[in-house]
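# Fold and geometry: a report
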Amino acid sequence: MAQAARRKVLVTGAAGGMGRACARLFGATHDLVLTDVVATALDGFAEELKRDGYTVAASLAGDLSDDEVLAALVSEVSGDAPFTLLHTAGLSPALADWRAIMSVNLIATEKLLNAIEPVLVPGSVGIVIASVAGHMMAAVPEIDALMKDPLAPAFLDLIQPFVEQMGPMAGGTSGISYTMSKRATLAICERRAGAWGQRGARIVSISPGMILTPMGRQEMEKTAGAAQMADMAPAGRAGVATDIAAAAWFLASDQASYITGCDLKVDGGATAFVKSMMGG
Ligand SMILES: NC(=O)c1ccc[n+]([C@@H]2O[C@H](COP(=O)([O-])OP(=O)(O)OC[C@H]3O[C@@H](n4cnc5c(N)ncnc54)[C@H](O)[C@@H]3O)[C@@H](O)[C@H]2O)c1
């Protein structure tokens, strides 16, 4: 008997902690399209998955800021069938300077979503990993206005004075760049929900708290306050990558068909706890 075609899932950052967990969970029922900038790690993971019986439809190494990489990824998911996008690729303060963080977390996200939008079909779902950091920053209208157009000419130069001014009070220039980029990511998903809805598609973000992935462990070692964030979580533990994959699984499912244009915090309650401690 012919088998029904399986849905495809495009996982960015597939060689990273959350990317791997998402690929393994979704790969049980989906064909995998994997991408990451670290070719050796991606190739090794794709081979591991194939050995374990998963279907890896494509594994494409490259930088998500690269238009050719984006075009190749889009061609892997375009067609008549709905697909799922799981965008986990990102950089954090312990890993990169402020420009690289803004370039990957915000500029590449905007480019990826621009590239994907024309091939959405009814039933497609986009899940973008943001961060609770994005919920911690108060609105600054001038910055929010600039962050709405990260593909504007000289965007990084325009944002630089704010990064330099706020950095010393907010974990340095990399720290504030991360926070700004994630705040903007939350707004991107809200803003795009209308256009996605017109195509019968949904877009949501997930804001993880402290998650024990390669990135999360580095933050806990190197960034002031990161380990405390895990300690403060009412859930009584740090998160693990499968916590994020499980949330993504629900959000991608038909059970979540009325959920779009919003964010789900998967942080063990840490953000709520911090807010309550600050009198909120
Ligand atoms: N781990 C945490 O505690 C935590 C908390 C909040 C939010 N997040 C967010 O979750 C997402 C996933 O994080 P993770 O913990 O799995 O990190 P990770 O470092 O384990 O994985 C991220 C992956 O993204 C890839 N990547 C980086 N730059 C890229 C680029 N230009 N093009 C393509 N791929 C690129 C990396 O190679 C890596 O494999 C990130 O967006 C991160 O900001 C993580």
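All of the points below concern the structure found in this document. Each chain has its residues counted from 1, running along the sequence as written. Owing to the predicted nature of the model, reporting of local features is limited to residues with pLDDT of at least 70; listing and counting of side-chain atom pairs is limited to 80 or more, with chain, interface and lining totals taken over all residues. Side-chain calculation: all heavy atoms of the structure are included, whereas hydrogens and water are not.

## Some words on the overall build of the chain
The numbering of helices and of strands both runs from the N terminus, where a helix is a DSSP run of H or I of at least 4 residues and a strand a run of E of at least 2. Secondary structure summary: the chain contains 11 helices and 7 strands in total. Note that the radius of gyration is over C-alpha atoms, with the globule rule given as 2.2 Å times the number of residues to the power 0.38. Taken over C-alpha atoms, the radius of gyration comes to 18 Å for the chain, in line with the 19 Å a tight globule of 280 residues would show. Oriented by its inertia axes, the alpha-carbon framework of the chain measures out at about 60 × 45 × 40 Å. The buried share among the 280 residues of the chain stands at 49%. Remark: exposure states derive from per-residue accessible area (1.4 Å probe, protein chains only) relative to the maximum for the residue type, with buried under 20%, exposed over 50%, and partly exposed in between.

## Observations regarding the pattern of salt bridges
Pairing between side chains becomes possible if they bear opposite charge and their charged atoms approach one another. What counts as a salt bridge is simple: a side-chain nitrogen of Lys or Arg found within 4 Å of a carboxyl oxygen of Asp or Glu. Going through the model one piece at a time under the given rule, you end up with 10 salt bridges. With its nearest N and O atoms 2.9 Å apart, the salt bridge here joins Asp 31 to Arg 6. With Asp 31 in strand E2 (residues 31-36) and Arg 6 in the segment before strand E1 (8-12), the pair connects residues that are 25 residues apart, well separated along the chain. Residue classification places Asp 31 among the buried positions, given a relative accessible area of 18%. Residue classification places Arg 6 among the partly exposed positions, given a relative accessible area of 32%. Where Arg 24 meets Asp 52, a salt bridge forms, and the shortest distance between an N and an O atom there is 2.8 Å. With Arg 24 in helix H1 (residues 17-26) and Asp 52 in the loop between helix H2 (39-51) and strand E3 (56-61), the pair connects residues that are 28 residues apart, well separated along the chain. Using a relative accessible area of 27% as the deciding quantity, one classes Arg 24 as partly exposed.

## A closer look at the site of the ligand
Whether a residue is near a molecule or strand depends on its heavy atoms: it is near if one of them lies within 4 Å of it. Taken together, 29 residues form the shell around the ligand, and within it Gly 17, Asp 36, Tyr 178, Ile 211 and Thr 213 come nearest. Between a nitrogen atom of the ligand and a main-chain N or O atom of Leu 64, the distance comes to 3.1 Å. Per-residue and other accessible areas follow the Shrake-Rupley method at a 1.4 Å probe size, with only the shown protein chains counted as cover for residues. A total of 830 Å² of accessible area belongs to the ligand in isolation, and the protein chains cover 93% of it. Elements with a contribution of two residues or more to the shell around the ligand: H1, helix H7 (172-198) and helix H8 (214-222). Among the elements that take part in the shell around the ligand, H8 stands out by supplying 3 residues, more than any other. For the shell around the ligand, a count of residues per class yields 16 nonpolar, 10 polar and 3 charged. Under the rule applied, a polar contact is a pair of N or O atoms within 3.5 Å (in protein, one hydrogen donor and one hydrogen acceptor; residues adjacent in sequence only if both atoms are side-chain atoms). Residue polarity is assigned by list, with Asp, Glu, Lys and Arg as charged and Ala, Val, Leu, Ile, Met, Phe, Trp, Tyr, Cys and Pro as nonpolar; anything else, Gly included, falls into the polar class.

## Quick word on the environment of Ala 226
Summarising the element assignment, Ala 226 is placed in helix H9 (residues 226-232). Measuring from C-alpha to C-alpha, the distance between Ala 226 and Glu 164 comes to 21 Å, with 62 residues separating the pair along the chain. In what follows, residue pairs with any heavy atoms lying within 4.5 Å of each other are defined as contacts. Once residues within four sequence positions are removed from consideration, Ala 226 is found in contact with Met 210, Glu 219 and Met 220.

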